[in-house]
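Overview (structure and organization)
The primary structure of each chain is shown beneath.
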Amino acid sequence: MTDPLSKRRDPVATRKAILEAAEELFVDRGFAATSMSDIAKRAGVTKSLIHHHFGSKQDLWVELKRFLLAHYAEVQMELLETQTDGRDLLQQSFETLFSFLRDHPGFVRLSSWMDLEKDRGLADQAYPDLVFSGIERVRAEQKAGRIRDDIEPAHLIAAMVSLCSHWFRARSEFATFYEGPIEDWDESYQRAIVQVMTSGVGARGSRDE
């Protein structure tokens with residue numbers, strides 16, 4: 001049995017226990033149906049410790065999202081900063097996001113809860129700089145003539161996220177379209193959407209046009 005006193009003395013262990021408990025409950029019940037008391041009981045800590053480390057339930061949600069996205073955000077930001085070719089960047093960004101969602105079904109479910117609960121506050125970006133950096137990079141590629149300039153940059157990013165996330169949210173619904181386990185089609189689907197998106201965004205006269 002976990003000793004609450006030992007967690008009080010170890011803030012790193014406390015934060016980890018709270019985040020793990022919050023993830024389990026938010027994934028299972030959603031944000032609205034999960035109370036701070038539920039999280040405290042699951043983590044083996046007091047509610048006051050949760051408030052001490054994270055503040056409100058809303059603050060805990062944002063921190064959980066930041067925690068879950070940390071590695072993905074690091075990889076994606078590095079791509080934005082180092083990849084010089086716009087369409088190669090788009091392809092690698094697709095692959096990075098797709099792999100993250102495939103390997104983190106809990107995060108996909110959390111995102112579904114945000115949609116179901118229609119709470120815009122829950123959707124506040126844990127990494128707003130990543131989104132804005134992506135938009136600015138698309139604009140730079142458009143100015144350089146490597147990506148067509150008649151596409152709103154935010155639309156391009158939204159399309160990428162939607163094409164990846166909806167596949168994993170509704171994959172079971174697509175099973176009748178395919179032979180064999182639907183999970184076996186992940187890689188094929190990824191290749192297809194990458195091909196469609198990268199061939200469709202190139203500026204006129206650029207490669208593959």
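It should be emphasised that the depicted structure is a prediction, and the values quoted were computed from it without experimental measurement. (Residues numbered from 1 in each chain as written. Predicted model: local features only at pLDDT ≥ 70, side-chain atom pairs only at ≥ 80, totals over all residues. Heavy atoms only, no water.)

Here's the deal with helix 10 (residues 186-201)
Under the convention used in this document: In this text, helices come from DSSP runs of H or I with a minimum length of four residues, and strands from runs of E with a minimum of two, each type numbered from the N-terminal end. For a helix, the expected span equals 1.5 Å multiplied by the residue count minus one. Throughout, exposure labels follow a simple rule: accessible area from a 1.4 Å probe, protein chains only, divided by the maximum for the residue type, with under 20% read as buried, over 50% as exposed, and the rest as partly exposed. This arc is built from the directions going out from the helix axis to the C-beta atoms. Residue contacts follow a heavy-atom distance rule, with two residues in contact if any of their heavy atoms lie within 4.5 Å.
Taking 1.5 Å of rise per residue, the 16 residues of helix 10 would be expected to cover 22 Å, and the 23 Å separating its terminal C-alpha atoms lies within 8% of that figure. For helix 10, the set of buried residues is Asp186, Tyr189, Gln190, Ile193, Val194, Met197, Thr198 and Val201. Buried positions in helix 10, seen along its axis, are confined to an arc of 145 degrees and lie on one side of it. Every exposed residue of helix 10 that faces more than 90 degrees away from the buried side is listed here: Gln195 and Val196. Residues of helix 10 that are buried sit in contact with helix 6 (86-103) and helix 9 (153-169).

Examining the nonpolar core
Applicable threshold: The set of buried Ala, Val, Leu, Ile, Met, Phe, Trp, Tyr and Cys residues whose side-chain atoms join them within 4.5 Å is what this entry labels a nonpolar core.
Counting residues in each nonpolar core, the largest one holds 54 residues, and the members touching the most others are Ile18, Phe26, Ile39, Ile50, Leu60, Phe94 and Leu101. For this core, the leading source of residues is helix 5 (residues 57-82), giving ten residues.

Things to note about the packing of aromatic side chains
As a reminder, the rule being used: The pairing test for Phe, Tyr and Trp rings, Trp by its six-membered ring, is centres within 6.5 Å, and the orientation test on the planes gives stacked under 30 degrees, edge-to-face over 60, and tilted for anything in between. As a reminder, the over-ring test applies to NZ of lysine and CZ of arginine, requiring each to be within 6 Å of the ring centre and within 35 degrees of the ring normal.
This structure, assessed with the given rule, holds twelve aromatic pairs. Judged by centre distance (5.9 Å) and plane angle (90 degrees), the ring pair of Trp167 and Tyr178 falls under edge-to-face. Of this pair, Trp167 sits in helix 9 while Tyr178 sits in the loop between helix 9 and helix 10, placing them eleven residues apart in sequence. Accessibility expressed as a relative area gives 1% for Trp167, which makes it buried. Overall, Tyr178 belongs to the partly exposed group, its relative accessible area being 26%. Among the aromatic residues, those joined into a ring-pair cluster are Phe98, Trp167, Phe168, Phe174, Phe177, Tyr178, Trp185 and Tyr189. Across the ring face of Phe31, the terminal group of Lys57 is positioned such that the distance to the ring centre comes to 4.3 Å.

Everything listed here is a matter of coordinates, which is why it stays silent on function.
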